[in-house]
Amino acid sequence: MNRRPDITVVVPSYNEAESLPELAAWIDRVVTRENLSCELIFVDDGSSDDSWEVIERLKEKYPYIKAIGFMRNYGKSAALYCGFAEAHGEVVFTMDADLQDSPDEIPAMRRMILEEGYDMVSGWKKHRFDPIGKRWPSKFFNFTARLVSGIKLHDFNCGLKAYRLKVIKSIEVYGEMHRYMPILAKYAGFTNIGEKVVEHHPRKFGHSKFGMERMIKGYLDLITVTFMSHFGRSPMYFFGTLGTLMFLFGGITAVWIIAAKLYKQAHCLPLRAVTDQPLFYLALLAVVLGVMLFLAGFLGELINRGSSDRNKYLIDKTLK
């Protein structure tokens, strides 16, 4: 029976062939110095450079390397999802492949998990080398994420994170949700989430793969992950409740308008035709929207119950 590795390091990579040898050597120095058994999983996210050939050569030098290669670029969340599926280490780390995350942080973050009892530890790049055009939007984004989630972290999107194995096996990462791993962990029941100031290195090779459009996607994803965390398993709770309230409001308003007309008619009071009152049409609209929202919740429940596997990625090659 194979012994569980002390750590697993999952590294999503997209066109980072130049940095992979240095990153692998850096991780190897750390685990050798700390006498840790390691499982290093590279996920080649459909790179167009020679990343896979580099990983194959690294496998010969470092036998504990595993690798997954996608047919095309699916994104970081997909890479993490597949990397987590292959992870077996007692503590699982994620870091970017661009050498901006320091493997020297691994021992301290591992101790925070094992000795201080954290379920997850997120890195905080307190002193960053990014241009101001990225730092200030990032600060505002993190402020909003803290406000919505109630999790007191300074850097939700830091690629360097550590998890207990059961955490990454209990959460689903899809779409662009890698930015919100702490929120996903919290709503899965893992509330002991810590933070550690980590060293941030300037990019050594290539260029960033993320543009300013990630800020727009980030806020849309924040809305999505908040909704999915509360109502993803039971969409009827949201749509059904909202639909019922609108239906009741519209129905009661329409009945009140008709009843008021009948009362005035019976007592020979001045009255307006029901169809001449704008409120009547607003009531009908509320009834129709209420029915549509209720049906949306019902269809969501049917789709949710019939969905067997939302994460399907075409893996072209693997190394084990």
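Please read these numbers as outputs of a predicted model, since none were measured by experiment.

### Focus: the overall build of the protein chain
Helix and strand content of the protein chain: 10 helices and 8 strands. Expressed as a percentage of its 320 residues, the buried residues of the protein chain come to 47%. Entry remark: accessible area of the protein chain is about 16,700 Å², with carbon and sulfur atoms responsible for 61%.

### Notes on the packing of aromatic side chains
Summed over the entire model, instances satisfying the criterion amount to 5 aromatic pairs. For the pair Tyr62 and Tyr64, a centre-to-centre distance of 6.1 Å together with 45° between the ring planes defines the contact as tilted. The buried category is assigned to Tyr62, whose relative accessible area is 7%. Taken together, a centroid distance of 5.1 Å and an interplanar angle of 90° make the contact between Phe70 and Tyr74 edge-to-face. You'll find Phe70 and Tyr74 in the same group, each marked buried.

### Focus: the pattern of salt bridges
Evaluated as defined, the whole model comprises 8 salt bridges. For Glu39, the salt bridge is made with Lys66, and the minimal N-O distance between the two is 2.7 Å. Linking Glu39 in strand β2 (residues 38–44) with Lys66 in strand β3 (residues 65–70), this pair joins segments that are 27 residues apart in sequence. The salt bridge partner of Lys196 is Glu105, with a shortest N-O separation of 2.6 Å. Here the residue Lys196 occupies a position in strand β7 (residues 193–197), and Glu105 occupies one in the loop between β4 (91–94) and α4 (106–114), the gap between them amounting to 91 residues. There is no split in this pair, since Lys196 and Glu105 are both buried.

### Brief notes about helix α9 (residues 235–266)
End to end, α9 covers 46 Å across 32 residues, agreeing with the expected 46 Å (1.5 Å per residue, within 8%). Taken as a whole, α9 has its buried residues at Pro235, Met236, Gly240, Gly243, Gly250, Thr253, Ala254 and Ile257. Immediately downstream of α9, the backbone of Cys268 shows phi near 55°, a positive value.

### Considering the pairing of β4
Across the two faces of β4 the burial is the same, with Val91 and Phe93 and Val92 and Thr94 all buried. Here strand β1 (residues 7–13) pairs with β4 via 4 bridges, running parallel. Across the sheet, residue Thr8 finds its bridge partner in β4, namely Val92.

### Overview of the nonpolar core
In terms of nonpolar packing, the biggest core is built from 37 residues, with Val9, Leu40 and Phe42 touching the most fellow members. Counting only elements with at least two residues in this core, the list comes to β1, α1 (20–33), β2, α2 (51–61), β3, β4 and α4. Looking at this core element by element, the count peaks at 7 residues for α1. Ranked by size, the runner-up nonpolar core spans 35 residues in total, among them Tyr74, Ala78, Ala79 and Tyr180.

### Points about the pairing of strand β5 (residues 120–124)
Buried residues dominate β5, accounting for 5 of its 5 residues. Here β5 shows two buried faces, one formed by Met120, Ser122 and Trp124 and the other by Val121 and Gly123. Where β5 meets β7, 5 bridges bridge the pair, whose relative direction is parallel. By the bridge assignment for β7, Trp124 is matched with Val197.

### A closer look at a nonpolar patch on the surface
A cluster of nonpolar residues, Trp256, Leu279, Leu282, Leu285, Val288, Leu289 and Met292, forms a patch on the protein surface that exposes about 680 Å² of accessible area. If one sorts the elements of the nonpolar patch by residue count, helix α10 (residues 278–306) sits on top with 6 residues.

### Some words on unusual backbone geometry
If you check the backbone angles, Asn15 has positive phi at about 55° while not being a glycine. Here Asn15 is to be found in the loop between β1 and α1. Its identity as a non-glycine residue notwithstanding, Asn35 has a phi of 55°, on the positive side.

### Brief notes about the packing of α1 against α2
Viewed as axis vectors pointing N to C, α1 and α2 meet at an angle of 30°, and their least axial separation amounts to 10 Å. One finds that α1 runs roughly parallel with respect to α2. Handedness of the α1/α2 crossing: right-handed. Between α1, through Leu20, Pro21 and Ala24, and α2, the contact on the second element is made entirely by Ser51, Val54, Ile55 and Leu58. Taken together, the residues that form the contact of α1 with α2 break down as 6 nonpolar, 1 polar and no charged.

### Quick notes on the environment of Phe84
Among the secondary structure elements, Phe84 is positioned in helix α3 (residues 76–86). Classification of Phe84 by relative accessible area gives buried; the value is 3%. When the C-alpha atoms of Phe84 and Thr8 are compared, they prove to be 9.2 Å apart, with 76 residues separating the residues in sequence. Ignoring anything within four residues of it in the chain, the contact list for Phe84 reads Val10, Val92, Thr94, Tyr163, Ile168, Lys169, Val173 and Met181.

What counts and what doesn't
Residues numbered from 1 in each chain as written. Predicted model: local features only at pLDDT ≥ 70, side-chain atom pairs only at ≥ 80, totals over all residues. Heavy atoms only, no water. Helix = DSSP H or I, 4+ residues; strand = E, 2+ residues; numbered from the N terminus. Buried < 20%, exposed > 50% of the residue type's maximum accessible area, 1.4 Å probe, protein only. Areas by Shrake-Rupley, 256 points an atom, 1.4 Å probe, with all protein chains shown as cover. Phe/Tyr/Trp six-rings, centres within 6.5 Å; stacked < 30°, edge-to-face > 60°. Salt bridge = Lys/Arg side-chain N within 4 Å of Asp/Glu carboxyl O. Expected span 1.5 Å × (residues − 1). Pairing = 2+ DSSP bridges. Core = buried A, V, L, I, M, F, W, Y, C linked by side-chain atoms within 4.5 Å. Patch = residues over 30% accessible without salt bridge, like charges linked within 9 Å, V, L, I, M, F, W, Y side chains within 5 Å. Axes fitted to C-alpha atoms, helices over the stretch in contact; angles between N-to-C directions. Parallel < 35°, antiparallel > 145°, perpendicular 65-115°, else oblique. Left-handed = near helix turned anticlockwise from the far one by under 90°. Contact = heavy atoms within 4.5 Å. Nonpolar A, V, L, I, M, F, W, Y, C, P; charged D, E, K, R; others polar.

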